[in-house]
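Spelled out, the chains give:
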Amino acid sequence: MASELQGIRIHFFETMSGYASLGGSSFADGFEEGRAAGLPLSLHVNVDVDDLAGFLASPEHGARLTGWVEGPLVGGRAEVESGRFMLMPDTADLKRKIMNYRVYCVNADGERFTLAGQKEVQHHFGFDLWKDTTTLYTNLFVGHVAPEDAARADLLATGILSLGVVDFVKVLRTVRASDAAGNHSLKGLAAFGEFFAGSLWQVYGPSLPPRPYEAPRVYARFTTEGVRGATITEHPFSTGDGLGLSLTRFQRASCDDVVLIIHGLTTSSDMFIMPEHENLVQHLLNEGYGDVFTLDHRGSNRFPYNLIRGKANLDDLALYDHPAAIATLRQIIGPNKRLHVIAHCVGALTFGMSLAAGQVGGIQSAILNSIALTACVPPYSALKLGLGPFACDYLLGVEYVNPRWRHQPGWSPAKLLAMGVDWFHPECDSSECHMLSFMWGAGKPALFLHENMAPETHDRLGDLFGGISVNYYRHVLKMVKADHEAVKFAPEDQRYASLPDNYFAAAASISTPMLLTTGQQNGVFADSNIVCHERLERLVPGRHQLHVYPNYGHQDVFMGKNVAQDTFPRMLAFLRAHSA
């Protein structure tokens, strides 16, 4: 069959139109802001498969793109100099395909642009096949930006293009299959249609979830083998409310600029010292920051504090953990060295809260990833935040939610719930990955893009993440309902009297310059940092910065296999700008 398809060409013409807005943003926000600002954007392309046999045999399923991009953002009309289309290549997800468009174009004034778009073909709820196959999530870059450079590049504009029903009919009318002599080829047309329909069936057709797989442990839990060439010391300390926490110091050389790194909820320092790729601590040491600390706060899976039902909330970290950690660190390094902070997720949120409340000071710069002082979550996440605590406390009767529930011996309501979660997450064979998507955010998976993760990392998610007391969910939900601003959980509780009722209301007092970062496909805290930066710009214009990483999610900004090339350089540039 393959030999019969050699030399057969496939051609069709496609037009997608929508809106995009200037600056790094989420796709949805870019579309809405672009529409409000009158910034239409359209892509008009010829798609040409030069050899159908090779196209079908290749895992990329690639084709050539020619045509033009049109809109005020590209100066009217920009002709495509070269372009590449990939029609549902294999991905790291078992039940996800993509349609990838990348065109390098130039306008009449010689200005060059790159339009990179992707259709996400993955079944979530209801009949979403039409939306998935006709919606192009689009980034526009200045200059010609290769795929491997996208995460480091600054976005010119972001938005959404789509294919309407009339446009879809026009596409069907232009589809042609022809042999080497230029004659119509019904056999080629049928083979191309069979491939397209078959790929969609793999995603949207009914299927059983894969059998969950528990990988053998390759790396010891809490291993430090990912950091080489440094003296490693532990520095325990106590909080004002009586918890024992810890700082870990990785020192290679004396340095006037010291970096403190803070993890998110239920992870630990381990997410910054992973041995399977160049991690953040190793990267900083290699780049001349010879004195790096990591903090394990009360949300760390190295401690048992998450595994009891209680009234712990995010104010506890802002009031007790971060101030005690900074005071301990200052005792170690002295009062005169410049201290920089890199924080992630709930670690970033609560450190931002502590800064706004004046509980910590003397910070030279801060990089806060995914969330800072505003909390935005996908609608499905908001539903889970509302129902989850009640279900866990009063229906399931569990102390905490555990990503390893599926693998516990015997039977329990918790294990049955984990089995049910597996049915809704056929994208991989890791029950821990499924449960983490259930616990945090919305998506399949929610925390990261599978293609960004090393297989070794995916195999040990159960070691890198731990259980969580659901009372934290109540605090996040309260922030979401308070116009997405970080607010105190229990204003009437006198233990927190020194904290502001609304942390964002005190944000103008933060003199520390902050870089807010986020993955553009963040399924946990969505566009929280984008919204936060927009609001901070109205309060203190120019003091803080924003960077959005295309093709990244929430956790993979630090835990992805290529972060040393993709995400760390922007953080390092910010650190250096505020160092000696």
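Our subject in this report is the structure included herewith. In this text the structure is predicted, and so the values were computed from the model without any measurement.

### A look at the environment of Leu373
Relative to the helices and strands, Leu373 resides in the loop between strand E15 (363–369) and helix H9 (379–396). Of the residues examined, Leu373 reaches a relative accessible area of 1% and is grouped as buried. Put simply, Leu373 and Tyr503 are 130 residues apart on the chain and 7.1 Å apart in space, counted from C-alpha to C-alpha. Each residue touching Leu373, except ones within four places of it in the same chain, is listed here: Gly352, Met353, His484, Glu485, Ala486, Tyr503, Phe504, Ala507, Ile510 and Cys532.

### Regarding the packing of helix H7 (residues 314–333) against helix H14 (residues 471–481)
The description of two packed helices rests on the angle between their axes and on the distance between the axes. It is at 8 Å that the axes of H7 and H14 come closest, and there the two elements cross at 95°. The orientation of H7 relative to H14 falls into the category roughly perpendicular. When H7 is examined against H14, the residues Leu314, Asp315 and Leu317 are found in contact with a partner set consisting of Tyr472, His475, Val476 and Met479. Partitioning the contact of H7 with H14 into residue classes produces five nonpolar, one polar and one charged.

### Details of the pattern of salt bridges
For the structure shown, the criterion picks out 34 salt bridges. In this structure, a network of salt bridges that share partners links the residues Asp93, Arg96, Glu120 and Glu451.

### Notes on the nonpolar core
Soluble globular proteins tend to bury their nonpolar side chains together. One finds Leu260, Leu284 and Ile342 to be the most contacted residues of the largest nonpolar core, which totals 114 residues. Among the elements that make up this core, the one with the highest residue count is H7 (ten residues). Setting aside anything within four residues of it in sequence, one finds Leu284 in contact with Val259, Ile261, Tyr289, Val292, Ile342, Leu572 and Leu575. Grouped together as the second largest cluster of nonpolar side chains are 46 residues, Phe12, Leu52, Leu115 and Leu200 included.

### Considerations on the sheet that holds strand E14 (residues 338–344)
Strand order in the open sheet formed by eight strands is E10-E11-E13-E12-E14-E15-E16-E17, and the pairing between neighbours is mixed. Strands at the two margins of the open sheet, each flanked by one partner only, are strand E10 (231–238) and strand E17 (545–549). Put simply, the sheet's adjacent strands are angled 20° from each other on average, direction ignored. Bridge analysis of E10 against strand E11 (residues 244–251) gives eight bridges, and the strand direction is antiparallel.

Cut-offs applied
- Residues numbered from 1 in each chain as written.
- Predicted model: local features only at pLDDT ≥ 70, side-chain atom pairs only at ≥ 80, totals over all residues.
- Heavy atoms only, no water.
- Helix = DSSP H or I, 4+ residues; strand = E, 2+ residues; numbered from the N terminus.
- Buried < 20%, exposed > 50% of the residue type's maximum accessible area, 1.4 Å probe, protein only.
- Contact = heavy atoms within 4.5 Å.
- Axes fitted to C-alpha atoms, helices over the stretch in contact; angles between N-to-C directions.
- Parallel < 35°, antiparallel > 145°, perpendicular 65-115°, else oblique.
- Nonpolar A, V, L, I, M, F, W, Y, C, P; charged D, E, K, R; others polar.
- Salt bridge = Lys/Arg side-chain N within 4 Å of Asp/Glu carboxyl O.
- Core = buried A, V, L, I, M, F, W, Y, C linked by side-chain atoms within 4.5 Å.
- Pairing = 2+ DSSP bridges.

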